[in-house]
Amino acid sequence: MAGWLDPYESAAVTLTVNGASREVRVPPRRTLADALRDAGLTSVRLGCEHGVCGSCTILLDGTAVRSCLMLAVQGQGHDIETVESLADGDGLSALQQAFDDNDALQCGFCTPGFLMLIESLLRSEPEAGRDRILEVVSSNLCRCTGAVPVFQAALDALAANRDDP
Amino acid sequence: MSAPRGGLIGSPAPRRKNRELLTGEGTYVADIRLEGQVYARVVRSPSAHARLLGVDTSEALRVPGVVAAITADDIDDIRIPIRLPFAESPEANAVLQAPLAADVVRYVGEPVAVVVADDPYVAEDAAELVSVDLEELEPVLDPATSAESSRTLVHESFGSNTIGRLAYRYGDVDAAFAQADVVVRRRLRVHRLAATPMETRGLVADYDSGSGGLTVWGGAKVKHFTRALLSRVLGLELTKVRVIEVEVGGGFGTRGEPYPEDILVALLARRLERPVQWIEDRWEHMVATNHAREQEHDFELAAGADGRMLGFRVRGWCDHGAYVRTQGLLPVVLPMVHLPGPYEWQAFSMDLDAVLTNRTPVGTYRGPGMTEATFVRERMVDILAAELQMDPADLRRRNLIPAESMPFSFMPGPGSGAVMPIMYQGGDFVQAFDQMLDGAGYDRMRVEQQQARADGQHAGVGISAYIEFAAVGPFEEVEVIGGAGNVVVRAGVGSLGQGVETALAQIAAELLDVPLTDVTVEFHDTAEVPQGFGAFASRSTVLAGNAIAAAVDEMRAVAAPLLGCGPDDVEFRGGAATAPGDRSVGLGDIGPTRGRFEKEGLTASFGGAVCSVSVNPADGRARVDRFALAHDVGRAVNPRLLRGQLAGAAAQGIGGALFEEIAYDEHGQPLSVTFADYMMPTAAELPDVEVTIIEHGSGSNPLGIKGGGEAGMVGSLGAVANGVADAVGAGAEVLSSSVSSAHLWHALHRPTGHDPGEE
């Protein structure tokens, strides 16, 4: 077993992001959010860096997590997805389209985190009811819209997914 | 020849940019990475008030990777100036902030040093090694006692904690009180709030020693003012400084004013000749970025037994925090002009003090001054309604300024200081008020309230009505460049996530009769847009929109001789200027034109809010079950975006009333420095805000537009507080704009019905 690393030393970590595997060298204390941003995945946004706002939400093996509360080295061996993976070429995903239709974004800063949060719900709990959807949507903060339009977008996206999975 | 397109102004055109933001492609300032970039970390005062005996950076400088550490000794003795001439005074100019504290620190979070390293983590480590030697002083923490009785001075050399006293007299207020059957008096408190956009502030500055040019990314709101300030401070020609706005994660009044960091980052970039990035973290944001709203008002209101409101007297203290920042005395100027509101007073007398405390400086936050003033006045109107046992809606309707009295003014009388006269250009307040109540179903809300009460619930209905002054000048200038299939509009305003580029494109497309998709709006770069005043006071669409109309008129004038007709005969059809008969000239052949719209004074709009509230007395939690607002926007350029702005602003206001508060302890230590302490509402705590758009036009500009970006906030604190007061009845008296569960529980469980925090 390797010894302890100094804060300024780097470790090689293999991150699988949006289906592609990439090797990054990171100091052990670097957060996963920072490492992803350093790797060019700037849709991962930092609004608080203490796990409340949810702007840095990504999918880790399909589950929504706050990437500011994880270390990059903990990402090794996991399947990471960011909002860069949602759109299919030029077309928006049904969820992204639901955001557009419901005016669920203004400044756009919190939007990728909300999209990944609801994407996780779409996949893991496609039958989720109104209360559960509201519970999940209320994990993240949106200062421009108050997030009620985000909730409407989530309702639409889950309903559309049930009709046409 | 195709028929004129028309109808774009007023259409719910989809917002530009959405695709980019939905796919995560938008570039915010933290996303910028330049070759050789280094990272700044600000060392901040841990104390609210202390003598600064020394700042030692030697240990920080020994950390590998650290490239610089500066203190006040390393920079010129400068102060950050007030941006608006009408918000300046000699007293305010005496208490401006330096980029780094030199002798005394005056609030927790005040910058005392900056450390720069090649890695942001290292910069943060090294900043913690900067040793700050402090000798503690007594902090000044309460606005009213700061002015009246504090032994300690926030700025010793200034000699007082009061930096301005505004007086406004209208009519014979003593006579109005002498006629009164009823007088109600209360001291009301507006609590300290913060705008808290999801993206913290940030900057990247890069100095090119070859060209001598400085480029700053992360500008917003007032880019041209920031450019002028940096040019002066750094001794660079104006044309050598370029301020670029990238994607902005919310502004709400606080982002984009020049702060200490704007100067420090630019200075460091030039000194190091390397790109310097500074990204504020959330803790810093909560202590470094402007706070807002905190004030206290002693208010007395005189009325007849029939509910005719005769006059009021108000004595208030408006906190500016430890320094006056770029917005100058607006925290006292704006409440004053908004206190009378939409009612037909016979007389009033207002005395407001601008005071200092040892806390983060106060600036403007969406609906500044007007939100505070509306809470104070509207709460008093409901207290009067309870006293007279009148329906709060009836009482308001009886006192609204009638349409036949428009235009209307409360001209300042003898005894007034140098104040802006309060003038309303037009509108039908009674009609708009009734439209709001009808839209909300006010009568039904009252019936449902009675049913809920019969079921043992604490249910209330709250109303507020307001005047918003917005759309301040002095002017905006735009350039319109026509081309085949592409029209470029260059404007000096800014986008803070509100979608102004969409609204301006709609105006240009309609006036020139081109497809909306053909119009590009550029406002990001001061190098391309020679001048502008920025995005504040809900002015961007009004000022730049009318400047576009002027530029289109200029195109008509240029095209007329080419077409051999008079300018009035020129019509724009399908990307060309056309004359009667068959003659036409393409927009690209007319050449660029400039349009300028000058505007004196402020535009007044009427609006209001009504909400249903329920309170659980067991835990003091209030819930806003419904919230309906109305606002007179003159003419809605894009009702869809406008609704988003109004509803979003209302959501912030509801959060501000129910959850948010910047609290300090008795030592001046801030208690709300994370999102776990400063609690913003989520979708689960908010109603789906209902919006009624009133379009009563406006004589003050050719397009007939009034402001709309902030208005949803203005009535929110007042309506929610009134709804909570109605719900709890005699159980507690609501005297603070904060009706959080903590305040409400204390008030409900004390025999006096007062929250100890308010006393």
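Residues numbered from 1 in each chain as written. Chains lettered and ligands numbered in written order. Predicted model: local features only at pLDDT ≥ 70, side-chain atom pairs only at ≥ 80, totals over all residues.

### Points about the overall build of chain B
Each helix and strand in chain B was counted, giving 21 helices and 28 strands. Against the globule reference of 27 Å for 759 residues, chain B gives a C-alpha radius of gyration of 27 Å, in line with a compact fold. Dimensions of chain B along its principal axes, counting C-alpha atoms only, are 80 × 70 × 50 Å. Expressed as a percentage of the 759 residues in chain B, the buried residues total 61%. (Helix = DSSP H or I, 4+ residues; strand = E, 2+ residues; numbered from the N terminus. Rg over C-alpha atoms; globule rule 2.2 N^0.38 Å. Buried ≥ 20, exposed ≤ 12 C-beta atoms within 10 Å, placed from the backbone.)

### Here's the deal with the environment of B:Gly321
Residue and element names in this part refer to chain B. In this structure, Gly321 sits in the loop between strand 14 (309–319) and helix 10 (330–338). A tally of 26 C-beta atoms within 10 Å means that Gly321 is categorised as buried. Considering only alpha carbons, one finds Gly321 and Leu356, 35 residues apart in sequence, at a separation of 5.0 Å. Beyond its immediate stretch of four places on either side in the chain, Gly321 contacts Tyr107, His291, Thr357, Arg359, Thr360, Pro361 and Val362. (Contact = placed C-beta atoms within 7 Å.)

### Quick notes on helix 7 (residues 223–234) of chain B
All names here are of chain B. Given a rise of 1.5 Å per residue, 12 residues ought to cover 16 Å, and the 16 Å separating the end C-alpha atoms of helix 7 matches this to within 8%. Within the sequence span of helix 7, burial applies to Lys223, Phe225, Thr226, Arg227, Leu229, Leu230 and Val233. Next to the buried residues of helix 7 lie strand 10 (213–217), strand 11 (241–244) and helix 8 (260–272). (Expected span 1.5 Å × (residues − 1).)

### Structural notes on the nonpolar core
Residue and element names in this part refer to chain B. Counting 309 residues, the largest nonpolar core has Val115, Val116, Leu504, Ala508, Ile548, Val720 and Val724 as the members making the most contacts within it. Broken down by element, this core gets its largest block of residues, 12 residues, from helix 16 (residues 540–563). With near-sequence residues (within four places) excluded, Val720 lies in contact with Gly462, Cys611, Val613, Val624, Ile654, Ala657, Leu658 and Val739. (Core = buried A, V, L, I, M, F, W, Y, C linked by C-beta atoms within 7 Å.)

### Structural notes on the sheet that holds strand 25 (residues 593–598) of chain B
Residues and elements named next belong to chain B. Ordered by their spatial adjacency, 4 strands build an open sheet running 21-20-19-25, and the pairing between neighbours is mixed. Because the sheet does not close on itself, it has two edges, and the strands there are strand 21 (519–522) and strand 25. Direction aside, the axes of adjacent strands within the sheet are offset by 20° on average. Two elements, strand 20 (residues 487–491) and strand 21, share 4 bridges in a ladder whose sense is parallel. Residue Val487 lies in a different strand from strand 21, and its bridge partner there is Val519. Its contacts with the sheet place helix 15 (residues 500–512) against strand 19 (475–481), strand 20 and strand 21, and it is angled at close to 135° to strand 21. Against the sheet, helix 16 engages strand 19, strand 20 and strand 25, with an angle of about 135° to strand 25. (Pairing = 2+ DSSP bridges. Axes fitted to C-alpha atoms, helices over the stretch in contact; angles between N-to-C directions.)

### A closer look at the sheet that holds strand 8 (residues 182–190) of chain B
Residue and element names in this part refer to chain B. Overall, mixed pairing links the 5 strands, which are arranged 7-15-14-13-8 in an open sheet. What marks the edges here is a single partner per strand, and that holds for strand 7 (162–170) and strand 8. Strand after strand, the sheet turns through a mean of 10° between neighbouring axes, direction not considered. With 9 bridges joining them, strand 14 and strand 15 (residues 347–355) adopt parallel strand pairing.

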